[in-house]
Amino acid sequence: MKSLRNYIDKKKPLFSPGGKFAKLGSTFGAIETFLFTPNHTSQTGVHIHDAIDLKRTMTVVILALVPAMLFGSWNIGYQNGLAFGVERGIIDNFIFGFLKLIPLLVVSYGVGLGIEFIAAQIRGHEVNEGYLVTGILIPLIMPVNIPLWMLALAVAFAVIFGKEIFGGTGYNIMNVALLARAFLFFAYPSQMSGDSVWIYDLPNKVPIDGFSGATPLAQIGQGAASKMASFHDMFMGFIPGSIGETSTLAVLIGAAILIFTGIGSWKIMLSVVLGTLSMGFLCNLLPLNAYMELPAYYHLVMGGFAFGAVFMATDPVTASHTEKGKWIYGFLIGVLVVLIRIFNPAYPEGMMLAILLMNVWSPLIDYFVVEGHIKRRLKRAKVKANA
Amino acid sequence: MSIFSSKNFKLLSNPLNLQNPITVQILGICSALAVTVKLKPAIVMGLSVMVVTAISNLVISAMRNYIPPRIRIIVQLVVVATMVILVDQLLRAFVYDVSKQLSVYVGLIITNCIIMGRLEAFAMGNKPWPSFVDGIGNGLGYAMILIAIGFIRELFGSGAVLGFNVIPKSFYDTGYINNGMMIMPTAALILVGVIIWIQRSFNKELIEKD
């Protein structure tokens, strides 16, 4: 440790302004603060120091994602076993899936952090931790069969056009991870939807008889609702789907961590659920197609709903910032999810599009909430002035 | 003033970069999104707009002292509409398949903001020859962007240039797939944004001060 510290101190002048590699200053700074706690203290004035900084926030979110990631790894192996009739133990399933997940994680982090470093270098900013969570979210919302070059392209598109051109971490309008998914969804639909993309190796090999690989949401669309997995199976996550999203239970563990540490907004999560349930009940009253007949609470365990509600909708940058706005924002996401699932047969899953749409609206919601506050208080002030 | 004076040359070159109708004035975006899925319609559309702008500019400029100001827009529209119908008929006669692909967008050249903009801003106050050059220049500036976008969209969206497959089959065999988003108008909008980005990083004077 000591020798590493000395080495860094010795090289530091080279990267400081005026040094030989001054242009690479922010890369050097990133490596230094990654290895050692920075000892920068404020020089002037009084500052409030909070224990929670960006790095810790990101670390907690990653911790909250671990259950979904572990379960997702196991599910890759389990679903593959189901499709080809291979019996494996829990550990073997997990190892099988984890080995499939690692390349996705490596590509996601490699491309994303690479762009982040280059952008920081060009701007002369410090490299920040903005990509840490996005880098793990993106593989978790991809189908396991996604080709690596597509993943790299999507990550590059999302980071450059979703984040860097708006000014970097904290300035993005839309959730970067969902943008990566949306890009692939529209650019390469054959790799992002359908029945065969969710299970490892399914497009190349013939599965055992009677195995379809369709997600429950797709099964309803195909009129095969009776073949659908049970509520219990969908809650536990024994169903095909994107890697990290299938298990509502694993996501709920993550939600508990986020709510307990105060990092994820429980108001958004709750209002998304409320919005979905109320729209779902409304549709149950008038069941015109198979999706509308689906009991409202089924929406909560199907597709990417839970994962999106807990990890995507609560993204502090793109969600509404006012407290009242959070309720409206979440509720409308819930309503839109059900609407897209029911009325748009081309998109069996609505969570991604619902959140992206509400991301765009959230500044507008905030604006009206703040205007409302101003008007109410102004009214109060005027009444007093008259009295 | 000689025919090819430096002033006239400026009229021709300015719209290509510093006064580009699409990337600087943000005019004519609608047709730029709609006809650039393939390169060939983009080229034909660019040429059509260039011809219509140039000749309308010439005609309006020649009549500019006789047009009552109150009804000038109507007069301008009549001239533009005549030109567009002529171009449309020519396209149908000689390149019928492209005319089919462009469909309604040839007719919509009438409402293209670039043409009305040039008539109002330039032809109404300048002599015929500079007006003609100005029309050619603006048409070229428009066509240039359309061709660039059309080329990129056809290459990545359909794997072809002017209808010829240029991406080798071995690419597809190893798993390459054409990008479906390039076929959607969204991609054209993003590409226009990228072109504006690149242009501004080379021409710092275009960046607004906030």
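Residues numbered from 1 in each chain as written. Chains lettered and ligands numbered in written order. Predicted model: local features only at pLDDT ≥ 70, side-chain atom pairs only at ≥ 80, totals over all residues. Heavy atoms only, no water.

An unreviewed UniProt entry annotates chain B as Na(+)-translocating NADH-quinone reductase subunit D originating from Aquipluma nitroreducens. Its UniProt record gives chain B the following Subunit (unreviewed entry) comment, quoted word for word: "Composed of six subunits; NqrA, NqrB, NqrC, NqrD, NqrE and NqrF." As its UniProt record puts it under Function (unreviewed entry), chain B is described as follows: "NQR complex catalyzes the reduction of ubiquinone-1 to ubiquinol by two successive reactions, coupled with the transport of Na(+) ions from the cytoplasm to the periplasm. NqrA to NqrE are probably involved in the second step, the conversion of ubisemiquinone to ubiquinol." (UniProt positions renumbered as here; feature names shortened; annotations may be inferred.)

Enquirer: For the UniProt feature "transmembrane region" (unreviewed entry) in chain B, give the residues involved together with the corresponding values.
Expert: Residue and element names in this part refer to chain B. As recorded in UniProt, the feature "transmembrane region" (unreviewed entry) lies at residues 43-61, 73-96, 102-119, 140-164 and 176-198. For residues 102-119, helix accounts for 67% and strand for 0%, while the C-alpha atoms at its two ends are 24 Å apart. Helix makes up 61% of residues 176-198 and strand makes up 0%, while its end C-alpha atoms are separated by 27 Å. (Helix = DSSP H or I, 4+ residues; strand = E, 2+ residues; numbered from the N terminus.)

Enquirer: Which residues make up the packing of helix H12 (residues 266-285) of chain A against helix H15 (residues 323-343) of chain A, and what values go with them?
Expert: Residues and elements named next belong to chain A. In contact at an axis separation of 7 Å, H12 and H15 are set at 40° when each is read in the N-to-C sense. Considered as vectors, H12 and H15 are oriented oblique to each other. Where H12 crosses over H15, the handedness of that crossing is right-handed. When the residues that make up the contact of H12 with H15 are grouped by side-chain class, the tally is 15 nonpolar, seven polar and three charged. (Axes fitted to C-alpha atoms, helices over the stretch in contact; angles between N-to-C directions. Parallel < 35°, antiparallel > 145°, perpendicular 65-115°, else oblique. Left-handed = near helix turned anticlockwise from the far one by under 90°. Nonpolar A, V, L, I, M, F, W, Y, C, P; charged D, E, K, R; others polar.)

Enquirer: Would you mind going over the pattern of salt bridges in detail, with residue names and values included?
Expert: Residue and element names in this part refer to chain A. Applying the stated criterion across every chain yields a total of nine salt bridges over all chains. Glu 116 is the salt-bridge partner of Lys 163, the closest N and O atoms lying 3.2 Å from each other. Pair noted here: Lys 163 is in helix H6 (residues 148-163) and Glu 116 is in helix H4 (residues 90-123), with a separation of 47 residues, a long-range link. Classification of Lys 163 by relative accessible area gives buried; the value is 3%. Of the residues examined, Glu 116 reaches a relative accessible area of 4% and is grouped as buried. (Salt bridge = Lys/Arg side-chain N within 4 Å of Asp/Glu carboxyl O. Buried < 20%, exposed > 50% of the residue type's maximum accessible area, 1.4 Å probe, protein only.)

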